[in-house]
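Each chain, written out:
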Amino acid sequence: MANLKSLAKDTAIYGLSSIVGRFLNYLLVPLYTHYMPKASGDYGISTNVYAYTALILVLLTFGMETTLFRFANETPPLTPPLKGAGKTPWPDTVFSTVMAVVVPLTLVFLLLVFSFIGPISDALGYATHPDYLLMMAVVVALDALQAIPFSYLRFQKRAIRFASLKMLFILLNIALNLIYFVLLGKTSVFYVFFINLLCTGFITLFFIPDLFKIQWRFDGSLLKRMLSYSWPILILGIAGILNQVADKIIFPLVYPDEAEANVQLGVYGSCVKIAMIMAMITQAFRYAYEPIVFAKNKDADKTEYYATAMKYFIIFTLLAFLVVMGWMPVLQYIIGADYREGLGVVPIVMMAEIFMGIYFNLSFWYKLIDKTIYGAWFSLVGCAVLLAVNIIFIPKIGYWACAWGGLAGYGTSMVLSYLVGQKKNPIPYPMKNIVIYFIAAMALFGMMKWGERNLPAWASFIWNNVMIAGFIFRIIKCDLPLSSLPIIGKKFKK
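Everything numeric in this text was worked out from a predicted model, so none of it was measured.

Attention now goes to unusual backbone geometry. Despite not being glycine, Phe 62 shows a phi value in the positive range, around 55°. Examined against the element boundaries, Phe 62 turns out to sit in the loop between α3 (42-61) and α4 (64-72).

What follows is the structure, encoded as structure tokens:
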């Protein structure tokens, strides 16, 4: 119970920075979709370039974020005796060794990009704008260098500092975008990338004092074990991020109308921003859950804890799904009117994000027994499904194929991980309860769609909120009685 309370508290802190931060970032969506007309394709360019940077970030971090948690939580090996053992804290040794991987990779990446920017920009379709790629190359390099210190903050349970730095980046980014786009009239996508570069560089400076506090010590034997553990996670990460961004990379390459490709990608990319509410919840849960899972692995009640955490994750993500669907009449105004034609993909993408979150929860069975190769295979199969759906169907149905491809890819990985995991390292998930919640959520969503087609707009909105209230009532009645809540619960126990 103490671990669950810790999970809830840390999820709230990470969630506050993630959800509030993403909400503030949503202010940029109407800004961009108003000042960058759909016909310009600038929003599509932004979507495409950020997809590449997300993939490169996974490559540069090399699975070392999860690896840091895995090895920093272990008891330092004493045989053979480590040189300097007892002087340098073991987590600092792990951190130092991880940085010895990430820093050289990042420097080599920058050297290659600056040396071959001409051919790279030609190949990616940005021959007239290599400056876009150069700026974002520096941004992703700085992000990779920040990723490990950010992970170390999570390991140290310094959630407030983690959240503060994330929020500072977001607030600075929003302020500069407002200055450039609204006050100065600088509305080109160039300034989107330039502002990101300024903000990322500024946040990097805050880690310098922390780096001086680290007792640096490289361990070669530890590095070998780390690389053995991390390379399957890298494959898993590549496949996982491809599940998220491959559609945005592939779309301009296979869409039949080259001139229209960035326009349509801009529509899809802007509508997906609404669905990313689910990604925020999953990310907040992951930030809090990952360190606890590795620490919890030695406890006798670990499987019960994992099963309970999964159940509540699914319950609250389904609730988030219904809230977003029910409030779509309001949330649609996040994006400009010209871009709203793609709102139909939102429920599909949100469900794909739920599948991704479940897959993340399921992934711990192979991480905890050091069999990360399973995750690599599951993710590769899911990625292959996604790629096939996108390549085959984008020329036929456009960005709808992107949404359905993500759902199929994540769904495949999720099912494979569950089936194999229950044989290799079984966890007693409450499947009957979970299935009932899924059926209930889908039934309520169907009733919302009925109301949308048959009721006036104002009545449909009220109807949607009644459906949401019904789902909340079931949660309170069956799985989270008010008497179990802090402060509020005291009144119901009397």
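Per the stated rule, a full pass over the model turns up four salt bridges. As a salt-bridge pair, Glu 341 and Lys 38 come within 3.0 Å of each other at their nearest N and O atoms. Within this pair, whereas Glu 341 is found in the loop between α14 (328-331) and α15 (346-362), its partner Lys 38 is found in the loop between α2 (28-35) and α3, the two being separated by 303 residues in sequence.

A few words on the packing of α4 against helix α7 (residues 130-155). Across the interface, α4 lies against α7 with an axial gap of 9 Å and an inter-helix angle of 35°. The element α4 and its partner α7 pack so that their crossing is right-handed. Only Ala 147, Ile 148, Ser 151, Tyr 152, Arg 154 and Phe 155 of α7 make contact with α4, whose side of the interface consists of Met 64, Glu 65, Leu 68, Phe 69 and Ala 72. A per-class count over the contact of α4 with α7 returns eight nonpolar, one polar and two charged.

This brings us to the environment of Leu 223. Along the chain, Leu 223 falls in helix α11 (residues 220-254). Sequence separation between Leu 223 and Ala 100 is 123 residues, and the spatial gap between their C-alpha atoms is 8.9 Å. Beyond its immediate sequence surroundings of up to four residues, Leu 223 is in contact with Thr 97, Val 101 and Phe 218.

This paragraph deals with the packing of aromatic side chains. Under the definition given, this model contains 25 aromatic pairs. Their ring planes at 75° and their centres at 5.1 Å tell us that Phe 150 and Phe 162 sit as a pair that is edge-to-face. Placement of Phe 150 in helix α7 and of Phe 162 in helix α8 (residues 159-183) is noted, with a sequence separation of twelve residues between them. Judged by its relative accessible area of 6%, Phe 150 is buried. Over the ring of Phe 150 we find Lys 166; its NZ or CZ atom is 4.2 Å from the centre of that ring.

Quick look at helix α9 (residues 189-204) now. For α9, which comprises 16 residues, the first-to-last C-alpha distance of 23 Å matches the rise-based estimate of 22 Å (1.5 Å per residue) to within 8%. Of the residues making up α9, those classed as buried are Val 189, Tyr 191, Val 192, Phe 193, Ile 195, Asn 196, Cys 199, Thr 200 and Ile 203. Packed against the buried residues of α9 are α2, α3, α7 and α8.

Calculation notes
- Residues numbered from 1 in each chain as written.
- Predicted model: local features only at pLDDT ≥ 70, side-chain atom pairs only at ≥ 80, totals over all residues.
- Heavy atoms only, no water.
- Helix = DSSP H or I, 4+ residues; strand = E, 2+ residues; numbered from the N terminus.
- Salt bridge = Lys/Arg side-chain N within 4 Å of Asp/Glu carboxyl O.
- Axes fitted to C-alpha atoms, helices over the stretch in contact; angles between N-to-C directions.
- Left-handed = near helix turned anticlockwise from the far one by under 90°.
- Contact = heavy atoms within 4.5 Å.
- Nonpolar A, V, L, I, M, F, W, Y, C, P; charged D, E, K, R; others polar.
- Phe/Tyr/Trp six-rings, centres within 6.5 Å; stacked < 30°, edge-to-face > 60°.
- Buried < 20%, exposed > 50% of the residue type's maximum accessible area, 1.4 Å probe, protein only.
- Lys NZ or Arg CZ within 6 Å of the ring centre and 35° of its normal.
- Expected span 1.5 Å × (residues − 1).

No statement about biological role is implied by the geometric values presented.
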